[in-house]
Amino acid sequence: MLSGSGAKFSNIKAFPKGAVIIREKDDQNHELFLLLQGSVGVYKDYQLNTEQMVTVLSQGSFHGEMPLFLGKPQEHTLVALGDVVVLVVSRKNLAGFLSKQPDMATGIIEGICRKLLAADEKLAQYNLDNAEQTAARKSSLFPEGHGSYTLHLDNGNTDMLYE
(Lines give C-alpha, C1' and ligand atoms only; values in the text may rest on other atoms or scores of the structure.)
Protein backbone atom coordinates (compact mmCIF):
# COMPACT_ATOMS: atom_id res chain seq x y z
CA MET A 1 0.00 0.00 0.00
CA LEU A 2 2.41 2.69 1.18
CA SER A 3 6.09 2.27 0.60
CA GLY A 4 8.80 3.50 2.93
CA SER A 5 8.55 7.08 4.09
CA GLY A 6 5.36 7.80 2.12
CA ALA A 7 3.41 7.01 5.29
CA LYS A 8 4.83 10.07 7.05
CA PHE A 9 3.10 12.30 4.49
CA SER A 10 -0.37 10.85 5.03
CA ASN A 11 -2.77 9.65 7.74
CA ILE A 12 -5.02 6.63 7.85
CA LYS A 13 -8.42 7.25 9.41
CA ALA A 14 -11.30 4.89 10.17
CA PHE A 15 -14.98 5.91 10.13
CA PRO A 16 -18.02 3.92 11.28
CA LYS A 17 -21.17 3.51 9.20
CA GLY A 18 -23.08 6.80 8.92
CA ALA A 19 -20.12 8.99 9.82
CA VAL A 20 -19.63 12.18 7.82
CA ILE A 21 -16.08 12.14 6.45
CA ILE A 22 -16.14 15.63 4.91
CA ARG A 23 -18.88 18.22 4.51
CA GLU A 24 -19.91 20.11 1.41
CA LYS A 25 -18.75 23.76 1.31
CA ASP A 26 -16.01 23.09 3.88
CA ASP A 27 -13.33 25.53 2.77
CA GLN A 28 -10.88 24.55 5.51
CA ASN A 29 -10.50 20.92 4.42
CA HIS A 30 -7.97 20.75 1.59
CA GLU A 31 -7.37 17.02 1.71
CA LEU A 32 -7.52 14.11 -0.69
CA PHE A 33 -9.27 10.99 0.55
CA LEU A 34 -8.19 7.64 -0.91
CA LEU A 35 -10.67 4.91 -0.02
CA LEU A 36 -8.78 1.88 1.28
CA GLN A 37 -11.74 -0.11 2.62
CA GLY A 38 -15.53 0.11 2.48
CA SER A 39 -17.82 2.34 0.44
CA VAL A 40 -18.76 5.99 0.71
CA GLY A 41 -21.86 7.87 -0.44
CA VAL A 42 -21.16 11.16 -2.21
CA TYR A 43 -23.98 13.63 -1.57
CA LYS A 44 -25.04 17.05 -2.77
CA ASP A 45 -27.13 19.10 -0.31
CA TYR A 46 -26.72 16.45 2.40
CA GLN A 47 -29.49 16.50 5.05
CA LEU A 48 -31.44 19.17 3.15
CA ASN A 49 -34.77 18.76 1.34
CA THR A 50 -32.87 18.69 -1.96
CA GLU A 51 -30.37 15.99 -0.84
CA GLN A 52 -29.26 13.62 -3.54
CA MET A 53 -26.65 10.90 -3.68
CA VAL A 54 -24.41 11.67 -6.63
CA THR A 55 -22.42 8.44 -6.63
CA VAL A 56 -20.94 5.72 -4.47
CA LEU A 57 -17.19 5.39 -4.11
CA SER A 58 -15.63 1.99 -3.51
CA GLN A 59 -12.20 0.72 -2.52
CA GLY A 60 -9.47 2.36 -4.60
CA SER A 61 -11.53 5.49 -5.37
CA PHE A 62 -10.51 8.96 -4.29
CA HIS A 63 -12.21 12.28 -3.66
CA GLY A 64 -11.08 15.81 -2.88
CA GLU A 65 -8.73 16.60 -5.74
CA MET A 66 -10.26 20.06 -6.36
CA PRO A 67 -9.78 21.26 -2.76
CA LEU A 68 -6.35 19.61 -2.60
CA PHE A 69 -4.89 21.00 -5.82
CA LEU A 70 -6.88 24.23 -6.22
CA GLY A 71 -7.79 25.15 -2.64
CA LYS A 72 -11.50 25.14 -3.52
CA PRO A 73 -14.20 24.30 -0.94
CA GLN A 74 -15.49 20.74 -0.86
CA GLU A 75 -18.31 20.26 -3.38
CA HIS A 76 -19.84 17.18 -1.77
CA THR A 77 -20.46 15.53 1.56
CA LEU A 78 -18.95 12.07 1.99
CA VAL A 79 -20.80 9.63 4.26
CA ALA A 80 -19.54 6.17 5.26
CA LEU A 81 -22.01 3.54 4.00
CA GLY A 82 -20.36 0.94 6.23
CA ASP A 83 -17.11 0.79 8.15
CA VAL A 84 -14.59 2.76 6.11
CA VAL A 85 -10.83 3.25 6.13
CA VAL A 86 -9.33 6.16 4.19
CA LEU A 87 -5.86 7.45 3.50
CA VAL A 88 -5.80 11.23 3.94
CA VAL A 89 -3.26 13.44 2.17
CA SER A 90 -3.21 17.12 3.11
CA ARG A 91 -2.26 19.95 0.79
CA LYS A 92 0.74 20.65 3.02
CA ASN A 93 2.06 17.08 2.58
CA LEU A 94 1.10 16.59 -1.07
CA ALA A 95 4.54 17.09 -2.67
CA GLY A 96 6.24 14.78 -0.19
CA PHE A 97 3.55 12.13 -0.57
CA LEU A 98 3.67 12.19 -4.38
CA SER A 99 7.48 12.03 -4.44
CA LYS A 100 7.48 8.98 -2.16
CA GLN A 101 4.50 7.29 -3.84
CA PRO A 102 5.00 7.62 -7.62
CA ASP A 103 2.61 4.74 -8.40
CA MET A 104 -0.16 6.39 -6.38
CA ALA A 105 0.65 9.73 -8.01
CA THR A 106 0.18 8.11 -11.42
CA GLY A 107 -3.07 6.51 -10.24
CA ILE A 108 -4.39 9.86 -9.01
CA ILE A 109 -3.52 11.55 -12.30
CA GLU A 110 -5.19 8.74 -14.27
CA GLY A 111 -8.26 9.01 -12.04
CA ILE A 112 -8.47 12.76 -12.57
CA CYS A 113 -8.19 12.20 -16.33
CA ARG A 114 -11.03 9.63 -16.20
CA LYS A 115 -13.19 12.10 -14.27
CA LEU A 116 -12.41 14.81 -16.82
CA LEU A 117 -13.27 12.48 -19.70
CA ALA A 118 -16.58 11.53 -18.03
CA ALA A 119 -17.38 15.24 -17.53
CA ASP A 120 -16.58 15.91 -21.21
CA GLU A 121 -18.88 13.08 -22.28
CA LYS A 122 -21.70 14.39 -20.06
CA LEU A 123 -21.23 17.88 -21.50
CA ALA A 124 -21.29 16.55 -25.06
CA GLN A 125 -24.48 14.60 -24.30
CA TYR A 126 -26.03 17.69 -22.69
CA ASN A 127 -25.18 19.75 -25.78
CA LEU A 128 -26.64 17.05 -28.04
CA ASP A 129 -29.82 16.82 -25.95
CA ASN A 130 -30.08 20.62 -25.92
CA ALA A 131 -29.69 20.77 -29.72
CA GLU A 132 -32.39 18.10 -30.12
CA GLN A 133 -34.74 20.00 -27.79
CA THR A 134 -34.12 23.22 -29.71
CA ALA A 135 -34.86 21.44 -32.99
CA ALA A 136 -38.03 19.94 -31.49
CA ARG A 137 -39.22 23.37 -30.32
CA LYS A 138 -38.58 24.84 -33.76
CA SER A 139 -40.41 21.99 -35.48
CA SER A 140 -43.43 22.48 -33.22
CA LEU A 141 -43.50 26.18 -34.15
CA PHE A 142 -43.00 25.50 -37.83
CA PRO A 143 -44.64 22.24 -38.90
CA GLU A 144 -43.11 20.00 -41.55
CA GLY A 145 -43.46 21.45 -45.02
CA HIS A 146 -43.64 24.95 -43.64
CA GLY A 147 -42.23 27.51 -46.03
CA SER A 148 -42.65 31.14 -46.80
CA TYR A 149 -45.94 32.41 -48.09
CA THR A 150 -46.66 35.28 -50.42
CA LEU A 151 -49.45 37.67 -49.60
CA HIS A 152 -51.38 38.56 -52.76
CA LEU A 153 -52.88 42.02 -52.71
CA ASP A 154 -55.61 43.18 -55.06
CA ASN A 155 -54.13 45.72 -57.45
CA GLY A 156 -51.08 46.19 -55.22
CA ASN A 157 -53.26 48.02 -52.69
CA THR A 158 -51.26 48.18 -49.42
CA ASP A 159 -53.63 50.56 -47.64
CA MET A 160 -55.49 47.65 -46.06
CA LEU A 161 -52.32 46.59 -44.21
CA TYR A 162 -52.33 49.83 -42.20
CA GLU A 163 -55.96 49.98 -41.14
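Our subject is the structure listed above.
In this text the structure is predicted, and so the values were computed from the model without any measurement.

What follows deals with the environment of Asn29. Residue position: Asn29 is located in the loop between β2 (20–22) and β3 (31–37). In this structure the C-alpha to C-alpha distance between Asn29 and Gly71, which are 42 residues apart in sequence, comes to 8.7 Å. Beyond its immediate chain neighbours, meaning those up to four positions away, Asn29 contacts Ile22, Pro67 and Gln74.

Moving on to the sheet that holds strand β1 (residues 11–15). With antiparallel pairing, four strands are arranged side by side in an open sheet as β1-β8-β3-β6. Across the chains shown, the open sheet's two edge strands, defined by having one partner strand only, are β1 and β6 (62–63). In this structure, β3 lies alongside β6, joined through two bridges in antiparallel fashion. The partner of Phe33 across the bridge, within β6, is His63.

This structure, assessed with the given rule, holds one aromatic pair. Taking 5.0 Å as the distance between ring centres and 55° as the angle between the ring planes, the aromatic pair formed by Tyr43 and Tyr46 counts as tilted. Residue class for Tyr46 comes out buried when judged on its relative accessible area of 18%. Just above the ring of Phe62 sits the side chain of Lys115; from NZ or CZ to the centre is 4.4 Å.

Criteria and thresholds
- Residues numbered from 1 in each chain as written.
- Predicted model: local features only at pLDDT ≥ 70, side-chain atom pairs only at ≥ 80, totals over all residues.
- Heavy atoms only, no water.
- Helix = DSSP H or I, 4+ residues; strand = E, 2+ residues; numbered from the N terminus.
- Contact = heavy atoms within 4.5 Å.
- Pairing = 2+ DSSP bridges.
- Phe/Tyr/Trp six-rings, centres within 6.5 Å; stacked < 30°, edge-to-face > 60°.
- Buried < 20%, exposed > 50% of the residue type's maximum accessible area, 1.4 Å probe, protein only.
- Lys NZ or Arg CZ within 6 Å of the ring centre and 35° of its normal.

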